[in-house]
Amino acid sequence: MLFKHLNNLSLRSFVHITTDSEKTIILLKGRNAFKYNIGNVDMALRILFIFPNIGSGYCFHPGIQLLSALAKQRGHITGLIHLHEKYGVPNDPRIIVQKVKDFNPDLLAFTSSDFEYKWVNELALLLKKELPDVFFLLGGKSAILGKDINKSAFDAFCVGEAEIPFIELLEKLEEKQ
């Protein structure tokens, strides 16, 4: 299982050390060695963030960066699909669905503005058909204002600052609640 999670690393060689109390990986690059305690990888959630950056310049999303860092602190594995026609993943549902399936997430976390909500919800409905056991989360400052959330694809919504509710959600998903 550990080697499956290491496939995304660009480093060429590594040594894996396992003891009863921890899982540690030592990555070797040139003459440097980097030691990481990665916790229990078998229990780690796979969290995929989807950032629709459609119709605007290339930018970053500090909220996603923060939530990803919090998840990684808890030993989870995170990924990002940055939807952008020029610099990211193209706005093509077939490509997006395949990338999501390849990541094999336990949690799909979307962000949305009013401008993007309709498209994000349609994408989430499509993904929900393909991945019915995945938990779907929607955040973003204007993601649900004036929306009929009963007709959405999402299992939960996060309004406002998400750090604490996101950690609470991760705890529930870790406990399979």
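Up top is the structure.
About the thresholds
- Residues numbered from 1 in each chain as written.
- Predicted model: local features only at pLDDT ≥ 70, side-chain atom pairs only at ≥ 80, totals over all residues.
- Heavy atoms only, no water.
- Helix = DSSP H or I, 4+ residues; strand = E, 2+ residues; numbered from the N terminus.
- Buried < 20%, exposed > 50% of the residue type's maximum accessible area, 1.4 Å probe, protein only.
- Contact = heavy atoms within 4.5 Å.
- Pairing = 2+ DSSP bridges.
- Axes fitted to C-alpha atoms, helices over the stretch in contact; angles between N-to-C directions.
- Phe/Tyr/Trp six-rings, centres within 6.5 Å; stacked < 30°, edge-to-face > 60°.

(A) Inspection of the environment of Glu-85 at higher detail. Tracing the chain through its elements places Glu-85 in the loop between strand E5 (77–83) and helix H3 (93–103). The exposure class assigned to Glu-85 is exposed, which follows from its relative accessible area of 56%. The spacing of Glu-85 and Ile-54 is 31 residues in sequence and 7.3 Å in space, taken between C-alpha atoms. Once you skip the residues sitting within four places of it in the chain, Glu-85 turns out to touch Pro-90 and Asn-91.

(B) Spotlight on the sheet that holds strand E4 (residues 46–52). Reading across from one edge, E5-E4-E6-E7-E8 is the order of the five strands in this open sheet, with parallel pairing throughout. Each edge of the open sheet carries a strand with a single partner, namely E5 and strand E8 (156–158). In this sheet, neighbouring strand axes are inclined to one another by 20 degrees on average, regardless of whether the strands run parallel or antiparallel. With seven bridges joining them, E4 and E5 adopt parallel strand pairing. The partner of Ile-50 across the bridge, within E5, is Ile-81. The strands that helix H4 (residues 114–130) touches are E4, E5, strand E6 (107–111) and strand E7 (135–139); relative to E6, the one it contacts most, it runs at about 165 degrees.

(C) Expanded view of unusual backbone geometry. At Asn-104, a residue that is not glycine, the phi angle is positive and equals roughly 60 degrees. Position of Asn-104 relative to the elements: it lies in the loop between H3 and E6. Residue Asn-104 is classed as partly exposed on the basis of its relative accessible area, which comes to 41%.

(D) Looking closely at the packing of aromatic side chains. Here the structure, examined in full by the defined rule, presents four aromatic pairs. The interplanar angle of 80 degrees and the centroid separation of 5.4 Å between the aromatic rings of Phe-110 and Phe-154 together place this pair among those described as edge-to-face. Of this pair, Phe-110 sits in strand E6 while Phe-154 is found in the loop between E7 and E8, placing the two residues 44 residues apart along the sequence. An identical accessibility class is assigned to Phe-110 and Phe-154; each is buried.

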